[in-house]
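Okay, here's what each chain looks like letter by letter:
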Amino acid sequence: MSFFPSDWDDEFEDGFESFQGDLNKLAKEFESRSRDSFSARELLELFKHYTVNAPTGKNPFLLEKYAKMVVEIGVQSFPYMPIFTLHMVELLIQEGKHKKALRYIDQSLEYNAFESTLLMMRAIVYSHEGARKNAFDALDEALQSIGLDDQILEDFLDMVMHYDQIDLAEPIAAKAIEAKAEIIPIFEKYLNKNDDHQIVKMMIPAINAQIDNDPYMSEAWYLLGVSYAAIEDHSKAIEAFDYAVTIREEFIEAWLGYIESDYELQNYSSVVEKFEDLQSRNNKDKLNNIEGLYAWSLHEIGRSDESRKVYKSLVKKNPEDSENWYSLGLTYHHEGEYGKAIPFLEKAWSIDSLETDYGVVLASAYFGNHDVEKWSALYKELSEQFPLEPDVWLDWGLALYELGELDESIEVTEQGIGHNPQTVVLLYRFAALLYLNGDMSAGLLLLEKALEFDFKEHETLFTFAPQLKKSSSILKLIAKYSESSNNENE
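No experiment lies behind these values; they were computed from the predicted model shown.

A volume near 250 Å³ is recorded for the second largest pocket. Around the second largest pocket sit 13 residues that line it, and V226, A229, F241, G257 and E260 are the ones nearest its centre. For the lining of the second largest pocket, the elements supplying multiple residues, two or more each, are α13 (218–230), α14 (234–247) and α15 (252–264). Here the lining of the second largest pocket gets 6 residues from one element, more than from any other, and that element is α15. Residues of the lining of the second largest pocket, tallied by class, amount to 6 nonpolar, 4 polar and 3 charged.

Ranked by internal contacts, the top residues of the largest apolar core, which has 173 residues, are M120 and F187. It is helix α25 (residues 424–436) that contributes the most residues to this core, 10 residues altogether. What F187 contacts, discounting residues up to four positions off in sequence, is L157, M161, A173, M203, A206, I207 and L223.

For the structure on display, the rule yields 22 salt bridges. For E129, the salt bridge identified is with K99, shortest N-O distance 3.0 Å. One end of the pair, E129, is in helix α7 (residues 116–129); the other, K99, is in helix α6 (residues 98–111), with 30 residues separating them in the sequence. Overall, K99 belongs to the exposed group, its relative accessible area being 54%. Ionic contacts of the salt-bridge type, sharing partners, join the residues E29, R35 and E42 into one network.

The grouping of Y216, Y243 and I247 at the surface amounts to a nonpolar patch, some 360 Å² of accessible area in total. Here Y243 lies in helix α14.

A separate point is the packing of aromatic side chains. As enumerated under the stated definition, the model contains 20 aromatic pairs in all. Note on F30 and F38: the rings are 5.7 Å apart at their centroids and 70° apart in plane angle, and the pair reads as edge-to-face. Accessibility expressed as a relative area gives 4% for F30, which makes it buried. With a centroid separation of 6.2 Å and an interplanar angle of 25°, the aromatic rings of W325 and F344 are classed as stacked. Here F344 lies in helix α20 (residues 338–351) and W325 lies in helix α19 (residues 322–333), a separation of 19 residues in the sequence. Aromatic ring contacts, followed pair by pair, group F367, W375, Y379, W393 and W396 into a single cluster. Looking at R248, its charged tip hangs above the ring of F251, at a distance of 3.9 Å from the centre. Just above the ring of Y332 sits the side chain of R308; from NZ or CZ to the centre is 3.9 Å.

Burial of helix α3 (residues 40–50) is extensive: 10 of the 11 residues sit out of reach of the surface. Inspection of α3 places A40, R41, E42, L43, L44, E45, L46, F47, H49 and Y50 among the buried residues, and these make up the whole buried set.

What follows covers the packing of helix α11 (residues 184–191) against helix α12 (residues 197–213). Relative to each other, α11 and α12 sit at 160°, their axes nearing to 11 Å. In terms of axis orientation, α11 runs roughly antiparallel to α12. In terms of crossing hand, the pair formed by α11 and α12 is left-handed. Between α11 and α12, the residues in contact are I184, F187, Y190 and L191 and V200, M203, A206, I207 and Q210, respectively.

A few words on a negative patch on the surface. On the surface, a cluster of negative charge is made up of E323, E355, D357, E389 and D391. Topologically, E355 is positioned in the loop between α20 and α21 (356–368). On the accessibility criterion, E355 (31% relative accessible area) is partly exposed.

With that settled, the discussion passes to the environment of L287. Inspection of the secondary structure puts L287 in the loop between α16 (268–281) and α17 (291–300). Separated by 35 residues in the primary sequence, L287 and I252 place their C-alpha atoms 8.9 Å from one another. Those residues within four positions of L287 in sequence are excluded, and the remaining contacts are I252, L256, F275, L278 and Q279.

Rules and cut-offs
- Residues numbered from 1 in each chain as written.
- Predicted model: local features only at pLDDT ≥ 70, side-chain atom pairs only at ≥ 80, totals over all residues.
- Heavy atoms only, no water.
- 1 Å grid on protein atoms, 1.4 Å probe; cavity = no way out; pocket = protein on both sides within 12 Å on 5 of 7 lines; lining within 4 Å.
- Points joined across faces, edges and corners; volume = space filled by probe spheres on them.
- Helix = DSSP H or I, 4+ residues; strand = E, 2+ residues; numbered from the N terminus.
- Nonpolar A, V, L, I, M, F, W, Y, C, P; charged D, E, K, R; others polar.
- Core = buried A, V, L, I, M, F, W, Y, C linked by side-chain atoms within 4.5 Å.
- Buried < 20%, exposed > 50% of the residue type's maximum accessible area, 1.4 Å probe, protein only.
- Contact = heavy atoms within 4.5 Å.
- Salt bridge = Lys/Arg side-chain N within 4 Å of Asp/Glu carboxyl O.
- Patch = residues over 30% accessible without salt bridge, like charges linked within 9 Å, V, L, I, M, F, W, Y side chains within 5 Å.
- Areas by Shrake-Rupley, 256 points an atom, 1.4 Å probe, with all protein chains shown as cover.
- Phe/Tyr/Trp six-rings, centres within 6.5 Å; stacked < 30°, edge-to-face > 60°.
- Lys NZ or Arg CZ within 6 Å of the ring centre and 35° of its normal.
- Axes fitted to C-alpha atoms, helices over the stretch in contact; angles between N-to-C directions.
- Parallel < 35°, antiparallel > 145°, perpendicular 65-115°, else oblique.
- Left-handed = near helix turned anticlockwise from the far one by under 90°.
- Lys, Arg positive; Asp, Glu negative; His and termini not counted.
- Charge placed at Lys NZ, Arg CZ, Asp CG, Glu CD.

Remember that the coordinates give geometry; whether it matters functionally is a separate question.
The structure is reproduced here in structure tokens:
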């Protein structure tokens, strides 16, 4: 997607009328080369035709070829119009032809020596190429050419974000802040499009610079909160959201971010308190997206009956939302009311049978409800459908163990290790089962491998079988690796 989607309008504001011809006819003439020349306006309309509004049914490689031909003609016919060079550079960046792109920029600068966008584009090409020093030298030249023009600085910031050259953003943002430009909306636009943690981290210093310049800008604090939430630093996100709502109490988006980070940190009482306060002051529609978080938080703080009422209203409004059916079933499952949980868990599993957790918890509910045929069949189905999910094998083995079927539990766990040889919890489980089955030497040998692999997970051994804490052989082996682990930490 071009960074300059509206150039066919903006480039011709003065002295040119908008395009009034038949675009399809124009495209046919271009493709058949039945005309000697095209106007700049026509070429830009053709570029738009082949890129932004590409005709359906056309070969995409052919469209790309025509788009490149259009801008090549534009560069040759109208060298004083940098827009054609900018489009050519965009296409060359996509192809990884950075040297060629730089040559086009240099040629265009001979006609447009002070065109700041060309200078900025040169910095972006160098950055794409990995030539960091050249990129920052070119950026410095571009910034010097525009002074404190707030609009151009905003465009520059938008450009580097669009082309994913985030390391160039900070010096532009610093100058833009000095010029009192609007940088926060630009960061927000790209933050919402990007889930790359490293890129988000690179935005944070510029957002903080904006806050230092204007500590009462609630939008900047909000964006800082969104940034920290995106990299899963929810404690810092909460601090930022708190400033945002302190400055502007009615800032509903900041409140929603605040609640979501509270939820991620399992601050369930805080989630309920904030949600109910907002519910009393705002239109309920604004809270729709976090109503599920509120429902689960109610369950977590012991208000399960209210939680179920909320979930039942949610599944009524959206019966195809599997997560709400699943969570409703979990509220009963957690309390050991497996018979009540099963219909809701079955509904979630029927809607989304690719969600492993739904199947595992449903099988667990069947087990708790003594539906032997159902849990046995479901665990077998899950093991065939999701062999690389350790929880399937762990839960199936546990169910068999609790029924006293130790040999079958060992067999299932061994199968699980075959599919997941790097899953240390399965190794600990297998070691425990062998030891409990009387094969102590094999159990200890496997335990030693598990301890070598990941000592920190050894507590899962006792979570599964607390009686193993009485084994001096096991405790001595763990103590040996405990000393080794402590020495490494020092």
